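# Commentary on secondary and tertiary structure
Single-letter residue listing:
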Amino acid sequence: MTRVLVVHHDLDLAGQEVDSLRRFGYDVVECGGPTRNRCPVLAGHACELAERADVLVYDVWASGDADGSQTLIENIRDIHPDTPVVLTSPGLALSWEESSGTHGVTILLGQPTGARLDEAIREALEGAGTAGS
């Protein structure tokens, strides 16, 4: 079973994503991110929750603001480079979002329904060469 860490600034939306992913058969852990917890990633340290996950699903506003989110995503990619990241964004992509390179993520624009999250996770895992983990 694929292990997913969902990091979202909005607890209600995070709950919806978690429930949807569980219905698709994922083993899901939820984190409120730096808006609700002390985040080791922002300090440049490894995250125990991320270390146990096969894929990370981050809300583009997980840190509460665009600059903090950019730092958060860049750090998580630097600290956990082998773990694919799906970045959900309800609107237009932000200027710092990258789909390739060192800080590359799988970008999911618009409503993150269960089916769309499942598709993005599969794409991220395939891109990382870890599909079927």
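Everything numeric in this text was worked out from a predicted model, so none of it was measured.

## Quick look at the confidence of the model for the chain
For the chain, per-residue confidence averages 88 on the pLDDT scale, and residues scoring 70 or more make up 94% of the total. Here helix H3 (residues 66-79) stands out as the least confident element of the chain, with mean pLDDT 87; strand S1 (residues 3-7) is the most confident, with 97.

## Quick word on the packing of helix H1 (residues 11-23) against helix H4 (residues 114-128)
At a closest axis distance of 9 Å, the pairing of H1 and H4 adopts a crossing angle of 70 degrees. In terms of orientation, H1 lies roughly perpendicular with respect to H4. Note on element contacts: H4 touches H1 through Gly-114, Leu-117, Asp-118 and Ile-121, opposite Glu-17, Ser-20 and Leu-21. Its residues assigned to classes, the contact of H1 with H4 comprises 3 nonpolar, 2 polar and 2 charged.

## Here we look at the nonpolar core
In this structure, Leu-5, Leu-56, Tyr-58 and Ile-76 are the most contacted members of the largest nonpolar core, which totals 17 residues. The greatest single-element share of this core, amounting to 3 residues, is contributed by H3. In terms of nonpolar packing, the next biggest core, distinct from the first, is built from 15 residues, Val-18, Val-28, Val-57 and Val-86 among them.

## Re the pattern of salt bridges
Note that side chains of opposite charge can pair when their charged atoms are close. For the structure on display, the rule yields 2 salt bridges. The partner of Asp-54 in a salt bridge is Arg-3, with the nearest N and O atoms 2.7 Å apart. Taken together, the residues span a long stretch of sequence, with Asp-54 in the loop between helix H2 (48-51) and strand S3 (55-59) and Arg-3 in strand S1 at a distance of 51 residues. Using a relative accessible area of 38% as the deciding quantity, one classes Arg-3 as partly exposed. Among the ionic pairs, Arg-122 bridges to Asp-118, the shortest N-O distance being 3.1 Å. With Arg-122 and Asp-118 both in helix H4 and 4 residues apart, the pair spans about one turn of that helix. The class for Asp-118 is buried, based on a relative accessible area of 10%.

## As for the sheet that holds strand S4 (residues 85-89)
Taken in spatial order, the 5 strands line up as S2-S1-S3-S4-S5 in an open sheet, and their pairing is parallel. In the strand order of this sheet, the two ends are held by strand S2 (27-31) and strand S5 (106-109), each with one partner. Each neighbouring strand pair of the sheet contributes to a mean axis angle of 20 degrees, computed without reference to strand direction. Strand contacts of H3: S3 and S4, with the helix running at about 170 degrees to S3, the strand carrying the most contacts. In the packing of H4 onto the sheet, the strands contacted are S1, S3, S4 and S5, and the crossing angle to S5 comes to about 165 degrees.

## Describing H4
With 15 residues, H4 extends 21 Å from end C-alpha to end C-alpha; this agrees with the ideal 21 Å at 1.5 Å per step. Turning to H4, its buried residues are Gly-114, Leu-117, Asp-118, Ala-120, Ile-121, Ala-124 and Leu-125. For H4, the buried positions fall inside an angular range of 165 degrees around the axis, keeping them on one side. Residues of H4 that are exposed and angled more than 90 degrees away from the buried face: Glu-119, Glu-126 and Gly-127.

Reading guide: rules and limits
Residue positions are given per chain, counting from 1 as you read along its sequence in written order. Given that this is a predicted model, residues contribute local features only at a pLDDT of at least 70 and side-chain atom pairs are listed and counted only at 80 or more, while totals for whole chains, interfaces and linings are drawn from all residues. Remark: hydrogens and water are excluded; side-chain values derive from all non-hydrogen atoms of the structure. Known as pLDDT, the predictor's confidence for each residue is given on a scale from 0 to 100. A run of H or I in DSSP counts as a helix once it spans at least four residues, and a run of E counts as a strand once it spans at least two, with each numbered from the N terminus. Note on method: axes are straight lines fitted to C-alpha atoms, helices fitted across the in-contact stretch only, with angles between N-to-C directions ranging 0 to 180 degrees. Roughly parallel covers angles under 35 degrees, roughly antiparallel covers those over 145, roughly perpendicular covers 65 to 115, and oblique covers all other angles. Two residues qualify as a contact provided that any one of their heavy atoms is within 4.5 Å of a heavy atom in the partner residue. Note on residue categories: nonpolar means Ala, Val, Leu, Ile, Met, Phe, Trp, Tyr, Cys or Pro, charged means Asp, Glu, Lys or Arg, and polar means any other residue, Gly included. Here, the term nonpolar core denotes a set of buried Ala, Val, Leu, Ile, Met, Phe, Trp, Tyr and Cys residues that are joined through side-chain atoms within 4.5 Å. Buried, partly exposed and exposed residues are distinguished by accessible area as a fraction of the type maximum, computed with a 1.4 Å probe on protein chains only: under 20%, between the cut-offs, and over 50%, respectively. Salt bridges are defined as contacts in which a side-chain nitrogen from Lys or Arg sits within 4 Å of a carboxyl oxygen from Asp or Glu. For two strands to pair, DSSP has to find at least two bridges joining them. Take the number of residues in a helix, subtract one, and multiply by 1.5 Å to get its expected span. As used here, the arc is the angular range of directions from the helix axis to the C-beta atoms.

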